[in-house]
Amino acid sequence: MSKQSAVFFRGDNRDGLPVVGTITLGGNKGTGPCVGIAIFDAFIFDKIRETCDSTKQARHVYMEHNKTPDGLKAACGGCIFGKPEVAKKHGLGGCYAQLNFTTVMEAVGIIMNAKDNGEGFHVEVLQGMLTAASVMGFSDLRSSIVGDTGILTKEVGTTIMDTAKSMGFSILGYTHQWHRSPWLQDTHQASTQSVNGNAYGMAHKAQSQGWGVFHVASVDVDTVDPSLDLCFKQDMKMRGFEANCQGCEEKCDGSGFQKVVFDHSNSARLKRSKALPMYQAA
C-alpha cells in the first residue's frame, strides 16, 4: 500500500537547478511514525512518472540517474556519500538512501504516487498534509527522506520549518549543506563524517560554528571523541534491542546534541568497528 504523498514545491533550488519537493505520511523502521519531506531532481521525477510502469523499473532508472556525475547535484548538492568510490577511500559506504536498490523503493514509490500540484511553492499543501499527519498522531517531521532541505533557498527552507513548528511538529533533521545553510541550525544536525587521517575534524568544525552534529565515523576509527555521544539507535542495536528515533531522549532536532554513528549504511560492518565498543562502555 502506497503512502499518502503530495508535491508541495516545484521550482529551482538555491543553485538554480529544478527540483521537486514532496511530503509523505508514514515513516519507517528507523524513524518510527513520522511525516517526511523529500527533495528530487525534477528531471528524474518527471522521467519516472512519464516512462516507468513498475517500481522495479523505476528503481533501475533512479539508480542509473543518481550514479551519473550530476545525478544527485540538484537534490542533494553533493556529499562524500554520493560518490561511493570516494567514500570507500575513507572507509565509508555510499549513500544508503540514494544508491541502494532496496532502499530507493521508498523514493520511487513517492515519485510514482505523489499528487502533483504543479509549479510553485504550495504552502497550503504542506499545511494540509501536516494537519492530516497530526490527526494520525504523528508529531515529527523528517527532513529529509532523500535529498537535502539545505539545498533549497533560504525562503523556502525556513518557511517549511516555520510551518511545521507552528503546527506543533518537532524536526528530525540532517543537512550536509550546513556550511551554506545556517538558518537550519535550530532544526537540523550538521551531517559530518570522518576522512582518512582526520576522524573527527569535520565534526569539530561544525561544532565550532554552533551546530549539533550527526557524525558518521568509519569502522576503522579507533579513538573516542569525548564531545560525541553514541547514537541511541546504534547503541540499542549493539545491545540486542530494536529501537527507533521515537525512543531517543536526545533527538536530532537542532537542540545542540552531539552524536556519532559508525558505518551508517544498510550493510554496516559493526563487528569490525574499533571505537564502537569503547563508546558503549563510556
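The structure we're discussing is the one just above.
Criteria and cut-off values
- Residues numbered from 1 in each chain as written.
- Predicted model: local features only at pLDDT ≥ 70, side-chain atom pairs only at ≥ 80, totals over all residues.
- Heavy atoms only, no water.
- Salt bridge = Lys/Arg side-chain N within 4 Å of Asp/Glu carboxyl O.
- Helix = DSSP H or I, 4+ residues; strand = E, 2+ residues; numbered from the N terminus.
- Buried < 20%, exposed > 50% of the residue type's maximum accessible area, 1.4 Å probe, protein only.
- Pairing = 2+ DSSP bridges.
- Contact = heavy atoms within 4.5 Å.
- Axes fitted to C-alpha atoms, helices over the stretch in contact; angles between N-to-C directions.
- Phe/Tyr/Trp six-rings, centres within 6.5 Å; stacked < 30°, edge-to-face > 60°.
- Parallel < 35°, antiparallel > 145°, perpendicular 65-115°, else oblique.
- Nonpolar A, V, L, I, M, F, W, Y, C, P; charged D, E, K, R; others polar.

J.: What should I look at first to understand the pattern of salt bridges in this one?
T.: Charged atoms that come close allow side chains of opposite charge to pair. Counted according to the given criterion, the structure contains nine salt bridges. The salt bridge partner of D15 is R180, with a shortest N-O separation of 2.7 Å. Placement of the pair is D15 in the loop between strand 1 (5–12) and strand 2 (18–28) and R180 in the loop between strand 6 (170–175) and strand 7 (189–193), with a sequence separation of 165 residues. Looking at D15, the relative accessible area reads 39%, which means it is partly exposed. For R180, a relative accessible area of 27% puts it in the partly exposed group. Between D140 and K251 there is a salt bridge whose closest N-O contact spans 3.1 Å. Pair noted here: D140 is in strand 5 (residues 140–143) and K251 is in the loop between helix 9 (232–238) and strand 10 (259–262), with a separation of 111 residues, a long-range link. Note on accessibility: D140 and K251 belong to one class, buried.

J.: Would you take a moment to explain the sheet that holds strand 7 for this structure?
T.: Strand pairing in a sheet relies on backbone hydrogen bonds, with the paired strands running either antiparallel or parallel. The strand order across the open sheet built from ten strands is 4-1-2-3-5-6-7-8-10-9, with neighbouring strands paired in mixed fashion. Strands with a single pairing partner mark the edges of an open sheet, and in this sheet they are strand 4 (120–121) and strand 9 (229–230). Contacts from helix 8 (residues 201–208) reach strand 7 and strand 8 (213–217), with the element oriented near 155° to strand 7.

J.: What should I look at first to understand the environment of G128 in this one?
T.: One can find G128 in helix 6 (residues 123–135). Measuring from C-alpha to C-alpha, the distance between G128 and A6 comes to 10.0 Å, with 122 residues separating the pair along the chain.

J.: Got a minute to help me understand the packing of aromatic side chains in this structure?
T.: Two aromatic rings, taken as a pair, are described by how far apart their centres are and by the angle between their planes. If you walk through the whole model with that rule in mind, you get six aromatic pairs. For the ring pair F40 and F45, a centre distance of 5.9 Å and an interplane angle of 45° mean the geometry is tilted. Residue classification places F40 among the buried positions, given a relative accessible area of 1%. When its relative accessible area of 0% is taken as the criterion, F45 is described as buried. Taking the centre distance of 5.2 Å and the plane angle of 70° together, the rings of Y174 and F214 count as edge-to-face. Of the two residues, Y174 is situated in strand 6 and F214 in strand 8; the sequence distance between them amounts to 40 residues. On the basis of relative accessible area, F214 is assigned to the buried category, the value being 9%.

J.: Explain the packing of helix 2 (residues 55–66) against helix 5 (residues 104–113) here, please?
T.: Geometry of a packed helix pair, given as the angle between the helix axes and the separation of the axes. Running from N to C, helix 2 and helix 5 point in directions that differ by 105°, and their axes come no closer than 9 Å. With respect to each other, helix 2 and helix 5 are oriented roughly perpendicular. Between helix 2 and helix 5, the contacting residues are T55, A58, R59, Y62 and M63 on the first element and V104, M105, A107, V108, I111 and M112 on the second. Grouping the amino acids of the contact of helix 2 with helix 5 by side-chain chemistry returns nine nonpolar, one polar and one charged.

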